[in-house]
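Chain residues, written in single-letter form:
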Amino acid sequence: QVQLVESGGGLVQAGDSLRLSCATSEHTFSTYTVAWFRQAPGKEREFVAAIIWSRITNYADSVKGRFTISRDNVKNLVYLQMNSLKPEDTATYYCAANSLPPRTTTTQGGYAYWGQGTQVTVSS
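Structural notes, computed from the coordinates. (Residues numbered from 1 in each chain as written. Predicted model: local features only at pLDDT ≥ 70, side-chain atom pairs only at ≥ 80, totals over all residues. Heavy atoms only, no water.)

### What about the overall build of the protein?
Item 1. Along the backbone of the protein there are zero helices and eleven strands.
Item 2. When the helices and strands of the protein are listed from N to C terminus, the series reads β-β-β-β-β-β-β-β-β-β-β.
Item 3. Computed over the C-alpha atoms, the radius of gyration of the protein is 13 Å, within 12% of the 14 Å expected from 2.2 N^0.38 for a compact globule of 124 residues.
Item 4. Taking all 124 residues of the protein together, 46% fall into the buried category.
Item 5. Partitioning the contacts of the protein with sequence separation of at least 6, the portion at a separation of at least 24 is 58%. (Helix = DSSP H or I, 4+ residues; strand = E, 2+ residues; numbered from the N terminus. Rg over C-alpha atoms; globule rule 2.2 N^0.38 Å. Buried < 20%, exposed > 50% of the residue type's maximum accessible area, 1.4 Å probe, protein only. Contact = heavy atoms within 4.5 Å.)

### Focus: the environment of Pro101
Item 1. The topology assignment puts Pro101 in the loop between strand S9 (91–98) and strand S10 (113–114).
Item 2. C-alpha of Pro101 to C-alpha of Ile52: the two residues are 49 residues apart in sequence and 6.7 Å apart in space.
Item 3. Leave out the neighbours within four places in its chain, and Pro101 touches Thr33 and Ile52.

### Some details on the state of the cysteines
Item 1. Within this structure, the stated rule accounts for one disulfide.
Item 2. Paired by a disulfide, Cys22 and Cys95 hold their sulfur atoms 2.0 Å apart. Here the disulfide of Cys22 and Cys95 is left-handed, its torsion about the S-S bond being about -75°. Within this pair, whereas Cys22 is found in strand S3 (residues 18–23), its partner Cys95 is found in strand S9, the two being separated by 73 residues in sequence.
Item 3. A relative accessible area of 0% means that Cys22 is categorised as buried. (Disulfide = S-S within 2.5 Å.)

### Notes on the sheet that holds S3
Item 1. The strand order S1-S3-S8-S7 describes an open sheet built from four strands, whose pairing is antiparallel. Across the chains shown, the open sheet's two edge strands, defined by having one partner strand only, are strand S1 (5–7) and strand S7 (67–72). For this sheet, the mean inter-axis angle between neighbouring strands, taken without regard to orientation, is 20°.
Item 2. When S1 meets S3, the two strands line up antiparallel, connected through three bridges. Its bridge partner lying in S3, Ser7 is registered against Ser21. (Pairing = 2+ DSSP bridges. Axes fitted to C-alpha atoms, helices over the stretch in contact; angles between N-to-C directions.)

### Observations concerning the nonpolar core
Item 1. Counting 35 residues, the largest nonpolar core has Trp36, Leu80, Met82 and Tyr93 as the members making the most contacts within it.
Item 2. Those elements giving two or more residues to this core turn out to be S3, strand S4 (33–39), strand S5 (46–52), S7, strand S8 (77–82), S9 and strand S11 (118–123).
Item 3. For Met82, the residues in contact, after removing those within four places along its chain, are Asp16, Ser17, Leu18, Leu20, Arg66, Phe67, Tyr93 and Val120. (Core = buried A, V, L, I, M, F, W, Y, C linked by side-chain atoms within 4.5 Å.)

### Let's talk about the side chain of Thr92
Item 1. Positionally, Thr92 belongs in strand S9.
Item 2. At a separation of 2.8 Å, a polar atom in the side chain of Thr92 contacts the side chain of Gln119. (Polar contact = N/O pair within 3.5 Å; in protein donor to acceptor, adjacent residues only side chain to side chain.)

### Points about the packing of aromatic side chains
Item 1. If you walk through the whole model with that rule in mind, you get six aromatic pairs.
Item 2. When the centroid spacing of 5.1 Å and the interplanar angle of 50° are considered together, the rings of Phe37 and Trp114 count as tilted. Placement of Phe37 in strand S4 and of Trp114 in strand S10 is noted, with a sequence separation of 77 residues between them.
Item 3. Given the relative accessible area of 25%, Trp114 is considered partly exposed.
Item 4. Site record: aromatic cluster; members linked through ring pairs are Phe37, Phe47, Tyr111 and Trp114.
Item 5. The ring of Tyr94 has Arg45 lying over it, and the distance from NZ or CZ to the ring centre is 3.8 Å. (Phe/Tyr/Trp six-rings, centres within 6.5 Å; stacked < 30°, edge-to-face > 60°. Lys NZ or Arg CZ within 6 Å of the ring centre and 35° of its normal.)

Written as structure tokens, this is what we have:
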């Protein structure tokens, strides 16, 4: 069972930056497809960003140009750098992973492993 642990969330002001991290002890994590999803209160969980291997990335339109997903394969970490944060980015952010690239990176069903989430709150 692959365990994912998110960190880096917090309370920030609009326009600030945060970097989320997703950590695991899975030694083959560098080959996993990893994504970030988020869920705001009263809303459906939505796709934010995904990374396949180390070069292929995909972003939701709402975060393109502001968020960057990357990975450090030595440390078994995947990051989500979030810049120019907006109040509408407020949500619990979840890391998700799958050992093979899913059919579509944007759907929750493509990921077998999930973290517990980290809260991001952006005040106006």
